[in-house]
Amino acid sequence: MAIPNIRIPCRQLFIDGEWREPLKKNRLPIINPANEEIIGYIPAATEEDVDMAVKAARSALRRDDWGSTTGAQRAKYLRAIAAKVLEKKPELATLETIDNGKPWFEAASDIDDVVACFEYYADLAEALDSKKKTEVKLHLDSFKTHVLREPLGVVGLITPWNYPLLMTTWKVAPALAAGCAAILKPSELASITSLELGEICREVGLPPGALSILTGLGHEAGSPLVSHPDVDKIAFTGSGPTGVKIMTAAAQLVKPVTLELGGKSPIVVFDDIHDLDIAVEWTLFGCFWTNGQICSATSRLIIQETIAPQFLARLLEWTKNIKISDPLEEDCKLGPVISRGQYEKVLKFISTAKDEGATILYGGDRPEHLKKGYYIQPTIITDVDTSMEIWNEEVFGPVLCVKTFKTEEEAIELANDTKYGLGAAILSKDLERCERFTKAFQSGVVWINCSQPCFWQPPWGGKKRSGFGRELGEWSLENYLNIKQVTQYVTPDEPWAFYKSPSKL
Ligand SMILES: NC(=O)C1=CN([C@@H]2O[C@H](COP(=O)(O)OP(=O)(O)OC[C@H]3O[C@@H](n4cnc5c(N)ncnc54)[C@H](O)[C@@H]3O)[C@@H](O)[C@H]2O)C=CC1
Ligand code: BAL
Ligand code: NA
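Sequence order as written defines the numbering, with residues in each chain counted from 1. Each chain is given a letter, starting from A, and each ligand a number, starting from 1, according to the order in which they appear as written. pLDDT decides what is reported in this predicted model: residues at 70 or higher carry local features, side-chain atom pairs at 80 or more are listed and counted, and totals for whole chains, interfaces and linings draw on all residues regardless. Only hydrogens and water are removed before side-chain values are computed, so all heavy atoms of the structure are retained for them.

A few points about the sheet that holds strand β16 (residues 399-405)
Piece 1. Read from one edge of the open sheet, seven strands run β14-β15-β16-β13-β12-β18-β19, paired in mixed fashion. Of all the strands in the sheet, just β14 (359-362) and β19 (445-448) have a single pairing partner and so form its edges. Taken over all neighbouring pairs, the strand axes of this sheet differ in orientation by 25 degrees on average, direction set aside.
Piece 2. Pairing of strand β13 (residues 300-304) with β16, which is carried by five bridges, proceeds in the parallel orientation. When the sheet's bridge partners are listed, Q304 is paired in β16 with F405.
Piece 3. Any two residues whose heavy atoms approach within 4.5 Å at even a single point are treated as in contact. Structural elements are reduced to axes, namely lines fitted to C-alpha atoms, with helices fitted over the stretch in contact, and the angle between N-to-C directions of any two is expressed from 0 to 180 degrees. Helical segments are the DSSP runs of H or I of at least four residues, strand segments are the runs of E of at least two, and each set is numbered from the N terminus. Across the sheet, helix α11 (residues 308-320) lies against β12 (266-269), β13, β14, β15 (379-382) and β16, angled at about 140 degrees from β13, the strand it touches most.
Piece 4. Against the sheet, helix α14 (residues 408-415) touches β12, β13 and β16, its axis set at about 150 degrees to β16. A strand pair is defined by DSSP finding two or more bridges across the two strands.

Listed below in structure tokens is the structure:
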């Protein structure tokens, strides 16, 4: 597919089905991380705009055109959105690349996932109609009970910048499928494609207020959404510290949250791998895909001592072969990290690792041929100790740290030696061993003989400090439903006879 040249659309906030200027008229710059240039501006919402969006969402839930829809009717909107996203795929992929820095072909594949995800939740919305009301068998005949699965209400969706439109979709598609009215707050570092979703919603005639999109800063636009008394739930993906702030604020209102908070995932490689090159490629992909900015990145390589020298030698050869360039260039496999702040943060992690005694086996710096942009070489760090920062903290950049092991027990201990618990991978020919590791890994996701492939049908989420709750699959729909018990007394002409009736005194 040809990469199109593109103009950055100038948008407002998307509230109540229309584009509206933020009340304070503030805007934030859009920065292309490949050249550090300001390429446009996004509107910056504040508390007042959040309040308007919440009112619009409430009104959508009260109106028949959204609040009384069947799953099948909502499925039509979701399919129409999917079709529009597909139609605009080249432009959306280009906008994503210019805003986020990920290679264009990765952005295009994200857009394919966005389409598939909207279509998938259209199917689940339809299926919901037959599960909306289910009977629950009781142990007696004088009562009967059924359960209703209703939309939870107004939901706040706060998303990160690493897969901008895809993470938006992971939340928006199930929320709309369930019949909620959603307010999306995308990351200020990459909001363009989420705003374009607003235009798509307008084009397909999604009822006003069913989805509002408020770009802006976390503390100005995200925080009031979390604290708003009329928002029933918050679904968040992002950093641990922000997750803690959100959970703390939501707790004041006993507001439910789901949190997806990154990690420091292990990839355990045994000496009985099927093929050296295949294992090396999965190791690289597991850490350097999306320019290394993956919440589930398997950024700790735990390699069996017996194979370590030859594995690392081959890993180096493959790493040197990775094309680092402007992400719009064909065959680019590693683009810049998202921002100046992230660039400095990643380089600081590398210099601290060096200061603490680790060895930078490869990379660790800006590639010489790229003078501008937030580029960092793919970096491999060895001689790592479990007390080091690089072993313990999420870098969110193209940085892999390596540790060797002798026995299976030692490998499991190292794999679980983290406060996080999102992903974990094992590469080995021995499937019984893979089974033992699957059980032992303290994580929400396990990859066997691969790392990172992510599909929309299975559940996604973590344990420990990677958060809680599950997205994707049918699990995500549950996040946006209220389960209501309805119990009926089926012999209303018979007295309950708990109190003494005054007429019988
Ligand atoms: N787990 C993941 O997928 C991600 C992890 N990160 C990690 O987080 C670090 C910081 O990156 P940020 O972009 O600052 O992540 P962040 O977690 O602060 O931002 C994620 C989203 O939360 C919003 N937000 C920030 N403060 C908020 C608040 N008080 N209330 C409500 N919403 C708020 C942001 O505007 C954004 O939409 C990165 O260096 C990286 O290590 C970043 C993005 C994604
Ligand atoms: N690759 C799945 C989602 C994430 O990294 O945030
Ligand atoms: Na950007």
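Thoughts on the packing of helix α10 (residues 276-288) against α11
Piece 1. Where α10 meets α11, the closest approach of the two axes is 10 Å, and the angle between their N-to-C directions is 60 degrees. Accordingly, the angle class assigned to the pair α10 and α11 is oblique. For α10 against α11, the interelement crossing comes out right-handed. Facing L276, D277, A279, V280, E281, T283, L284 and F288 of α10, the residues of α11 in contact are Q310, F311, R314, L315, W318 and T319. Between 65 and 115 degrees an angle is taken as roughly perpendicular, under 35 as roughly parallel, over 145 as roughly antiparallel, and anywhere else as oblique. The crossing is said to be left-handed when, going from far helix to near helix, the turn is anticlockwise and less than a right angle, and right-handed when the turn is clockwise.

Quick word on the nonpolar core
Piece 1. Think of a nonpolar core as a cluster: buried Ala, Val, Leu, Ile, Met, Phe, Trp, Tyr and Cys residues, connected wherever their side-chain atoms sit within 4.5 Å. Between buried and exposed lies partly exposed: a residue is buried under 20% and exposed over 50% of the maximum accessible area for its type, with that area taken using a 1.4 Å probe on protein chains only. Counting residues in hydrophobic clusters, the biggest one holds 102 residues, and the most contacted among them are Y121 and L301.
Piece 2. No other element matches helix α5 (residues 104-131), which puts 14 residues into this core.
Piece 3. Residues contacting Y121, with those up to four places away along its chain left out, are L78, A173, P174, A177, L472, G473, S476 and L477.
Piece 4. If you look at the next biggest cluster of nonpolar residues, it comprises 29 residues, including F270, Y343, A411 and A424.

A word on the site of ligand 2
Piece 1. The full set of residues close to ligand 2 is N162, Y163, M167, W170, I294, C295 and W460.
Piece 2. What qualifies as a polar contact is a pair of N or O atoms within 3.5 Å, subject to a donor-acceptor requirement within protein and to the restriction that residues adjacent in sequence count only when both atoms come from side chains. For ligand 2, a nitrogen atom lies 3.5 Å from a polar atom in the side chain of Y163.
Piece 3. Contact between ligand 2 and C295: an oxygen atom at 3.0 Å from a main-chain N or O atom of the residue.
Piece 4. All accessible areas in this document rest on Shrake-Rupley with a 1.4 Å probe, and a residue is counted as covered only by the protein chains that are shown. In isolation ligand 2 offers 220 Å² of accessible surface; the protein chains occlude 98% of this area.
Piece 5. Looking at the shell around ligand 2 residue by residue, the classes come out as six nonpolar, one polar and no charged. If even one non-hydrogen atom of a residue comes within 4 Å of a molecule or strand, that residue is called near it. The nonpolar class holds Ala, Val, Leu, Ile, Met, Phe, Trp, Tyr, Cys and Pro. Asp, Glu, Lys and Arg form the charged class, and all remaining residues, Gly among them, are polar.

What to know about the coordination of the sodium ion (ligand 3)
Tetrahedral coordination by four donors places them ideally at 109.5 degrees to one another around the metal; octahedral coordination by six donors ideally gives 90 or 180 degrees.
Piece 1. Each metal's donors are the N, O and S atoms found within 2.8 Å of it, except that Na, K and Ca use a 3.2 Å limit; water is left out, so coordination can look incomplete. For the sodium ion (ligand 3), the protein coordination sphere consists of I31 (O), D99 (O), D99 (OD) and L189 (O), at 2.4 to 2.6 Å.
Piece 2. In terms of primary sequence, the donors binding the sodium ion (ligand 3) are separated according to I-x67-D-x89-L. Of the two residues, D99 sits in helix α4 (residues 89-100) while L189 sits in the loop between β8 (181-185) and α7 (192-204), which places them 90 residues apart along the sequence.

Here's the deal with the UniProt feature "active site" (unreviewed entry) in the protein chain
Piece 1. UniProt positions are given in the numbering used here, feature names are shortened, and annotations may be inferred rather than shown by experiment. Within this numbering scheme, the UniProt entry marks E260 as carrying the feature "active site" (unreviewed entry).
Piece 2. Topologically, E260 is positioned in strand β11 (residues 257-260).
Piece 3. Assessed through its relative accessible area of 3%, E260 is described here as buried.
Piece 4. Excluding anything up to four places from it in sequence, E260 contacts F236, T237, G238, C295, L422, W460, S466 and E471.

Structural notes on the packing of α4 against α7
Piece 1. Contact geometry of α4 with α7 gives a least axis separation of 9 Å together with a crossing angle of 150 degrees. Classified by the interaxial angle, the pair formed by α4 and α7 is roughly antiparallel. Taking contact as the criterion, the partners of L92, L95, E96 and D99 in α4 are, on α7, I192, T193, E196 and I200.

Digging into α14
Piece 1. Within the sequence span of α14, burial applies to E408, A411, L414 and A415. Mapping the buried residues of α14 onto a view down its axis gives an arc of 125 degrees, with all of them on the same face. Residues of α14 that are exposed and point over 90 degrees away from its buried face: E409 and E413.
Piece 2. In this structure, the buried residues of α14 make contact with β12, β13, α13 (389-392), β16 and α15 (431-440). Here the arc refers to the directions that run from the helix axis out to each C-beta atom.

Quick notes on the side chain of S339
Piece 1. Position of S339 relative to the elements: it lies in the loop between α11 and α12 (340-355).
Piece 2. With relative accessibility at 14%, the residue S339 sits in the buried group.
Piece 3. Engagement of the side chain of S339 in a polar contact is seen with the backbone nitrogen of Q342, the distance being 3.1 Å.
Piece 4. Beyond its immediate chain neighbours, meaning those up to four positions away, S339 contacts L189 and Y374.

What to know about unusual backbone geometry
Piece 1. A positive phi is found at E36, a non-glycine position, where the angle reads about 65 degrees.
Piece 2. The topology assignment puts E36 in the loop between β3 (27-32) and β4 (37-43).
Piece 3. A residue is classified by how much of its surface remains accessible, and E36, at 22% relative accessible area, is partly exposed.
Piece 4. Positioned with a positive phi, Q452 is a non-glycine residue whose angle comes to about 95 degrees.

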